[in-house]
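Coordinate inspection notes
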Amino acid sequence: QVQLVESGGGSVQAGGSLRLSCRVSGAGRLLTMYWYRNQRELVASISNSGTTNYADSVKGRFVVSRDNAKNTMYLQMNSLKPEDTAVYYCRAQPSGRALLPWGQGTQVTVSS
C-alpha cells in the first residue's frame, strides 16, 4: 500500500535549523519529489537524477536532497525565519501513476 509520511518538524527560534524527512512506501520508482508549505506554496523540488529547484524565499537557506535507496526526501532548513512557519508537505510523482495524495504534513514553527 502507498504511504507518504512527513516528519522532523518542531518549534525553533529564528536562526535555528530543522531537518524534515518524507518517506514514501509502496509507490515504486519516484520521479520528481516536492516540498510544499500549506499545500499551496512550492518550496523546493528534486528530480530522480538530483536536479534541484528552490523558491526565491528559501534559496541559500534550505537544501533538498534524497536517498533513493530509502525512498526518502529531506529538507535541511537553516537560518529559519518566522515567515517559514507553516505545515510542510511532501509531494511525489511515481513513474506510471498519478501524483500521490498529500500526507499529514509536519508543523514548523519559528519564533522571533
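Here, the structure is the one placed above.
Remember, it's a predicted structure, so these values are computed and weren't measured experimentally. (Residues numbered from 1 in each chain as written. Predicted model: local features only at pLDDT ≥ 70, side-chain atom pairs only at ≥ 80, totals over all residues. Heavy atoms only, no water.)

**Details of the packing of aromatic side chains**
According to the stated counting rule, one finds three aromatic pairs in the structure shown. An angle of 50 degrees between the planes, with centres 6.4 Å apart, marks the rings of tyrosine 34 and tyrosine 36 as tilted. Taking relative accessible area as the criterion, tyrosine 34 reaches 23% and is therefore assigned partly exposed. Plain terms: the ring middles of tyrosine 36 and tryptophan 102 are 5.3 Å apart, the flat faces sit at 85 degrees to each other, and that makes the pair edge-to-face. In this pair, tyrosine 36 is assigned in strand β4 (residues 30–37) and tryptophan 102 in the loop between β9 (86–94) and β10 (106–111), connecting sequence segments 66 residues apart. (Phe/Tyr/Trp six-rings, centres within 6.5 Å; stacked < 30°, edge-to-face > 60°. Buried < 20%, exposed > 50% of the residue type's maximum accessible area, 1.4 Å probe, protein only. Helix = DSSP H or I, 4+ residues; strand = E, 2+ residues; numbered from the N terminus.)

**Some details on the pattern of salt bridges**
One pass over the full model with this rule turns up four salt bridges. For glutamate 41, the salt bridge goes to arginine 37, with nearest N and O atoms at 2.9 Å. On the accessibility criterion, arginine 37 (5% relative accessible area) is buried. Residue arginine 61 is joined to aspartate 84 by a salt bridge in which the shortest nitrogen-to-oxygen separation is 2.7 Å. A residue pair is termed long-range when its members are at least 10 positions apart, and arginine 61 in the loop between β6 (52–54) and β7 (62–67) and aspartate 84 in the loop between β8 (72–77) and β9 qualify at 23 residues. Of the two residues examined, arginine 61 and aspartate 84, each falls in the buried class. When salt bridges that share partners are traced, they join Arg37, Glu41, Arg61 and Asp84 into one network. (Salt bridge = Lys/Arg side-chain N within 4 Å of Asp/Glu carboxyl O.)

**Details of the environment of serine 47**
Within the secondary structure layout, serine 47 lies in the loop between β5 (41–46) and β6. Looking at serine 47, the relative accessible area reads 13%, which means it is buried. For the pair serine 47 and arginine 66, spaced 19 residues apart in the sequence, the C-alpha separation amounts to 9.0 Å. Excluding its chain neighbours within four sequence positions, the residues that come into contact with serine 47 are Leu31, Thr32 and Arg66. (Contact = heavy atoms within 4.5 Å.)

**Section: the pairing of β4**
When β4 meets β9, the two strands line up antiparallel, connected through six bridges. Within β9, the residue paired with tyrosine 34 across the bridge is arginine 91. Here five bridges tie β4 to β5, and the two strands are oriented antiparallel to one another. Paired with tyrosine 34 across the strands is serine 45, a residue of β5. Counted between consecutive antiparallel strands, the loop separating β4 from β5 contains three residues, among which asparagine 38 sits at a positive phi close to 55 degrees. (Pairing = 2+ DSSP bridges.)

**Remarks on the sheet that holds β10**
What the six strands build is an open sheet, ordered β2-β10-β9-β4-β5-β6; its pairing is mixed. With partners counted over all chains shown, the strands left at the sheet margins are β2 (10–13) and β6, one partner each. Each neighbouring strand pair of the sheet contributes to a mean axis angle of 25 degrees, computed without reference to strand direction. (Axes fitted to C-alpha atoms, helices over the stretch in contact; angles between N-to-C directions.)

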